[in-house]
Amino acid sequence: MATAAADISDGASNESDNYKEDGDNNPTPSQSSSNEQSTEPKPVCLIVLGMAGSGKTTFVQRLTAYLHSKKSPPYVINLDPAVHEVPFPANIDIRDTVNYKEVMKQYGLGPNGGIVTSLNLFATRFDQVMKFIEKKQSNHQYVLIDTPGQIEVFTWSASGTIITEALASSFPCVVIYVMDTSRSVNPVTFMSNMLYACSILYKTKLPFIVAMNKTDIIDHSFAVEWMQDFEVFQDALNQETSYVSNLTRSMSLVLDEFYTNLRVVGVSAVTGSGLDELFVHVADAAKEYETEYRPEYERLHRELAEAQNQKQQEQLERLRKDMGAVSMETAVPTDLGGPSDLIFNRGNPDEDEEDVDSDTDDIDHTVTEESKEAGAFSTFLKERKDIVQVRNRKSN
Ligand code: GDP
Ligand code: MG
């Protein structure tokens, strides 16, 4: 463990020197009150997802340069443990925390297992990342998150969910789905890509933007037309003779609903075209987060807190019964269920149960013995006093 994973560090101070993040290292007033609901706007987290080779890393690099040119330097996080070189100044880089090669060796894993395990190790410390972002939140308008090459590592792993939910519980979050337009000219491939995008939307429920990348190779207008005009897409499909096209035909009906409210923008991570339009969509998506995602999240949060509270009460009740008449006052921990519990409990309810159980174990073995002794001793003293008083009265 020690060689595979280290503490998370914030590389902002040394790595972004060439971009001059003014005042990044100065303590700000928000540092002392990061948990309070502040009125100042929070940075928008842009979670960049997409198939391997779609251009996520190049896109994050381009976005970083674009935002610097707009005098709004982003806070950048790299979550790909297996990447050789990160072509942008990352404030937080998973590779500083987890040694991917060492993880493969120590756990006897192949490349994909290594990436998943590295991400799992990193997710266990994501509360530290959240603290770093909260500290710097007044300096940045955007947080950019680059994800591992293989999309399913992030979208279908427990750690991906933990990370996404942790971010979305504190900051407005938007998913940017990067798509390789040049590799989507076949209607069946295009639809597979769109089905994947659709599944991510339903999984994360976060505001969503499709960035049709590599428009320097091919214009994305053909794809937009396919999405807007069902007939045109059907015509394209008719040219396909494989048996898959029958399935595709039925599926495209399903996707029609998905397309209606979808934000689509053509970009080129290489030339930087389309980024102005992208940020118009980002502003709109961030608004959607506030009006739709946040209220829903807060409702879930309340329900979860209530359920947790009830579970604690039940456990305390059980504990009281176990301990009979012994006073519990000193043995009840008052800070169960702090804010960070939420993220991990939501990600893995089983773990939650274990955690609470192990807490109550501690109570049993340490404090309880003392409180039993103290209670028994004071009862003994009181009884002795009563006996002596009765005796004194008798002898008088
Ligand atoms: P990732 O696996 O999604 O992070 O993809 P990368 O950012 O590593 O890019 C994969 C390949 O696509 C690289 O060779 C990039 O140079 C190339 N690429 C990325 N974006 C663009 C683009 O907008 N236009 C062109 N022509 N190539 C691109
Ligand atoms: Mg990449």
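Residues numbered from 1 in each chain as written. Chains lettered and ligands numbered in written order. Predicted model: local features only at pLDDT ≥ 70, side-chain atom pairs only at ≥ 80, totals over all residues. Heavy atoms only, no water.

This brings us to the side chain of S184. Among the secondary structure elements, S184 is positioned in the loop between β5 (173–180) and α9 (187–204). Residue classification places S184 among the buried residues on the basis of a relative accessible area of 1%. Here the side chain of S184 touches N193 through a polar contact of 3.5 Å, side chain to side chain. (Helix = DSSP H or I, 4+ residues; strand = E, 2+ residues; numbered from the N terminus. Buried < 20%, exposed > 50% of the residue type's maximum accessible area, 1.4 Å probe, protein only. Polar contact = N/O pair within 3.5 Å; in protein donor to acceptor, adjacent residues only side chain to side chain.)

What follows concerns the site of ligand 1. Around ligand 1 sit 14 residues in total, of which K56, T57, T58, D216 and A269 are the nearest. Within the contact set of ligand 1, an oxygen atom lies 3.4 Å away from a side-chain nitrogen or oxygen of S268. A distance of 3.3 Å separates an oxygen atom of ligand 1 from a polar atom in the backbone of V270. When ligand 1 is considered free in solution it has 580 Å² of accessible area, and contact with the protein chains removes 68% of it. When residues in the shell around ligand 1 are grouped by element, the largest group, 3 residues, is from helix α2 (residues 56–69). A breakdown of the residues in the shell around ligand 1 according to their chemical character gives 4 nonpolar, 7 polar and 3 charged. (Near = heavy atom within 4 Å. Areas by Shrake-Rupley, 256 points an atom, 1.4 Å probe, with all protein chains shown as cover. Nonpolar A, V, L, I, M, F, W, Y, C, P; charged D, E, K, R; others polar.)

Quick reminder: α-helices carry 3.6 residues per turn. Residues three or four places apart thus point the same way. The complete set of buried residues in helix α4 (residues 100–107) reads Y100, V103 and M104. Viewed end-on, α4 has its buried residues packed into an arc of 100 degrees, placing them on one side of the element. In α4, the exposed positions angled more than 90 degrees off the buried face are occupied by K101 and K105. Residues of α4 that are buried in the fold lie against α5 (111–123). Among the residues of α4, the N-terminal cap falls to N99, whose side-chain oxygen and the backbone nitrogen of K101 are separated by 3.2 Å. G108 sits one or two positions beyond α4 and adopts a positive phi of about 60 degrees. (Arc of directions from axis to C-beta. Contact = heavy atoms within 4.5 Å.)

Before going further, it helps to spend a moment on the nonpolar core. With 64 residues, the main nonpolar core has F122, L167, F190 and M194 as its most contacted residues. For this core, the element with the highest residue contribution is α9, accounting for 8 residues. Sequence-distant contacts of F122, that is, excluding residues within four places in its chain, are made with I8, L79, I92, I94, T97, V98, V129 and I163. Formed by 28 residues, the second largest nonpolar core is a distinct cluster that contains V60, Y142, A211 and V282. (Core = buried A, V, L, I, M, F, W, Y, C linked by side-chain atoms within 4.5 Å.)

Of note, K205 is a non-glycine position whose phi angle comes to about 60 degrees, a positive value. The phi dihedral of K214 is positive, around 65 degrees, even though this residue is not glycine. Within the secondary structure, K214 is located in the loop between β6 (208–213) and α10 (221–228).

A full pass over the atoms with the stated rule returns 12 aromatic pairs. Look at F122 and F126: their rings are 6.2 Å apart centre to centre, the planes differ by 70 degrees, and that puts the pair in the edge-to-face class. Residue F122 shares its accessibility class with F126, and that shared class is buried. With 6.2 Å between their ring centres and 15 degrees between their planes, Y293 and Y297 make a pair best called stacked. Pair noted here: Y293 and Y297 are both in helix α13 (residues 275–323), with a separation of 4 residues, about one helical turn. The burial state of Y293 is the same as that of Y297; both residues are buried. Within the aromatic cluster, the residues linked to one another by ring pairs are Y177, F208, F258 and Y259. Over the ring of F171 we find K42; its NZ or CZ atom is 5.2 Å from the centre of that ring. (Phe/Tyr/Trp six-rings, centres within 6.5 Å; stacked < 30°, edge-to-face > 60°. Lys NZ or Arg CZ within 6 Å of the ring centre and 35° of its normal.)

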